[in-house]
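What follows is each chain in one-letter form.
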Amino acid sequence: GSGGAIKTTWDAYALLGIDRPSGVDAEIGMDYYFERGPAFGTAVDWKTSAAKGRVDASLVAHDTGEDTLKSGSKEDFDGQTRGMVLMEHRWQLSDSWTVLLEGAFISDETFIDGYFESLGESRREFATSVTARRLGPNSLLTFQGRGSLNDFIANEYLLQSQGYNVTKLPEAQYWRVADDLLPNLAPGVAMYHSEWRIGRVGMQFSEPTAAELGYRSMSKSMRAFGTAPDVSFADTLEAAGLDESPVTRFDTRHEIETRIRAGAVTFEPFMVGRVTAYDDDFDEYSPGNDEQARLWGAAGVRASTSFQRVNNAAGSSAFNVHRLRHIVEPSLTFWVSGTDVESSNLPIYDSQVEDLTNGTAMRLAVEQTWQTQRGGPGRWRSVDFLTFDAEYGVFSDDSDRKSPIRRFIDYRPEYSQPGEFFTLDSTWQATESVGLGGNMIYDLELNQPARESIGALVQHTPDLQSFFEIRYINVEDATLVSFGAAARITPKYTVGFNASYDTDENDFQRTSVTLFRTMQSLEIQEIGRA
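Residues numbered from 1 in each chain as written. Predicted model: local features only at pLDDT ≥ 70, side-chain atom pairs only at ≥ 80, totals over all residues. Heavy atoms only, no water.

## Examining a negative patch on the surface
- A surface patch of negative charge is lined by Asp151, Glu207, Asp235, Glu238, Asp243, Glu244, Asp283, Glu284, Asp290, Glu291 and Asp340.
- Its place among the elements puts aspartate 243 in the loop between α6 (233-239) and β13 (247-258). (Patch = residues over 30% accessible without salt bridge, like charges linked within 9 Å, V, L, I, M, F, W, Y side chains within 5 Å. Areas by Shrake-Rupley, 256 points an atom, 1.4 Å probe, with all protein chains shown as cover. Salt bridge = Lys/Arg side-chain N within 4 Å of Asp/Glu carboxyl O. Lys, Arg positive; Asp, Glu negative; His and termini not counted. Charge placed at Lys NZ, Arg CZ, Asp CG, Glu CD. Helix = DSSP H or I, 4+ residues; strand = E, 2+ residues; numbered from the N terminus.)

Rendered as C-alpha cells:
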C-alpha cells in the first residue's frame, strides 16, 4: 500500500551513545520510501515491578507519494505531514486495583490503510481512555472514561458495521460470577451471576465519505458499507435518526443456572432477567416508541454428555498414529426469550446490551476428538491429531435476521445471529509439520453455504514455512485465495512473501515481499507491496 521502502530499526541507546535505563527499551526507526521520501518512528517499552507500557509513533514528514487503498483506489499526496501515535500503560496499584491508560491519534483517514493495513484489520479499537479496575475472586468493578481524538474510524470492522465510535464519559460497571446459592446444602448446584452498569454513553460519528476512503464507485461503496460514495457516514447515521448527544444508561442483568446430573447426562437449566433504562425515548430513531426502559427475559436448558473409546491396537505409520482415543461430546441447548422493546428500536451503544436476540432457539452439536501418541519411545506425548465438530442451529421466525452468516453463541444465546443453519469444523494435524483445517456454515433458509474456508500450514523445515487458504463468502459472492511463505535463507537474512487473490475480480487484492537483515543491534527491513 505504501510502495517500496528501505526500513531500518536502531537501538536508541547504542545510536545516541547513552546508557540504557533499567526496564526501558527504545528503538528508533529511520526509513526511506522510494515514492514518498523519508519517514521516522519510535517504539518505547517500559516495565517496572508495578507498571508497564509502550508508545509507538510514526511520522512521514513530507509525503509526496500515493496510498494504494484496500479498495484498489489510489490517493495522491503533495507534501502533507502524516503519522500516528499509539500509547498504552498499565499500572498495578495493588493486588486488586489496576489503572489502564491508552491513547491513539492518527493524522488522516487513509494513513492506517496506506501504511499499517494489518492494524486496521485486526487491532482493537483506536481509542483514548482511562480505566480503573478492581478484580476480586469472582467480581470485577470498573470505572472508565473513553472517546476518540479523531473524527474518523480506522478500524475496518467498525466502519463495516456501525460506522461510529462509542463514548463513555464516564461509565461504571460491576460484575459478579458464580456466586453459590447453596454453599452448605448443595455446593455447585445453583449459581448466580449478575451485572450492573450505569454511565453516560454517546456516539461519535465518522465524518469522511466512502469515496474519501477509496470506495469511489457505487458498487464498491454499497458492497463495503451500504452507503453511496459521496455521502458521509455521519450524514447516513443522522438520516437514520441517530445523533451524537450522550444519554444516561442504566443496565442490570441477572442469571441463575443450576446443574443436575442424571447418570452420564448433565442438565443445566437457567433463567435470565434484564432491565435497561435511558433518560431518552429515542423518538427520532424509533417514532412511536415512547418507552424509556426495556424488560428482557430468557430461560433455557443445556444437556451434555461425553463418552470415549480407546483402541490400543490402532497404528499407522502413514498417518503417524500410535494408539487411538476417540472422544465424543454431544450437547443440546433449548432457549426462549422475550422483551417489551425490540432491539431494532434501540440505538446500539454496546452490542451486548442493546442488540439482543429474541425468540425461540435450539442447538444440537456433536464434538469429536481423536487423540494419538507421537514422539517415540521415551518421549511419547498425547496429540489431538483430528477434530470434527458438527452443529445444527434453528431460531423461530420472529427472531430478527441480523447477519447473513449465522451463529449460535451457546453460553449466551442472546448474542447469536439467528437463522437455520448447520456448521462443520475440522482440523487435522497430519504430521508434526503439516496442519489442515476447514470450516463451513450452511444456510438452510437459503439452501446454500454462507461461508466456506479451507487451508493448510506447512513447516517444511525449521527455516521454511508456508500457508494456503481459500475462503468463499456468499453474501459478497467473493472467493479469496491467500498464500505465502517465509524462509530464513542465511543466519542473517529472512525473506517472506504473501498475497491475496480475488478470483471474482481476477485481480490481486494485495501482494508483498519482505526482506529482513538482522545484525547485533540493527535490523533492516525492505518491503515491496502492492
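## What to know about a nonpolar patch on the surface
- Where nonpolar side chains cluster on the molecular surface, the patch consists of Leu15, Leu16, Ile18, Met30, Phe40 and Leu59 and spans about 520 Å² of accessible area.
- Within the element layout of this structure, methionine 30 appears in strand β2 (residues 24-33).
- Classification of methionine 30 by relative accessible area gives partly exposed; the value is 33%. (Buried < 20%, exposed > 50% of the residue type's maximum accessible area, 1.4 Å probe, protein only.)

## Remarks on the packing of aromatic side chains
- Scanning the entire structure with this criterion turns up 14 aromatic pairs.
- A centroid spacing of 5.4 Å and a plane angle of 90° characterise the contact between tyrosine 33 and tyrosine 115, whose relative ring orientation is edge-to-face. Highlighted residues: tyrosine 33 in strand β2 and tyrosine 115 in helix α2 (residues 111-115), separated in sequence by 82 residues.
- Exposure remark for tyrosine 33: the relative accessible area of 4% places this residue in the buried category.
- Each member of the aromatic cluster is reached from another via a ring pair, and the members are Tyr33, Phe111, Tyr115 and Phe116.
- Here the basic side chain of arginine 82 rests over the ring of phenylalanine 77, its NZ or CZ set 3.7 Å away from the ring centre.
- The positively charged end of arginine 302 is found above the aromatic ring belonging to phenylalanine 270, 4.3 Å away from the centroid. (Phe/Tyr/Trp six-rings, centres within 6.5 Å; stacked < 30°, edge-to-face > 60°. Lys NZ or Arg CZ within 6 Å of the ring centre and 35° of its normal.)

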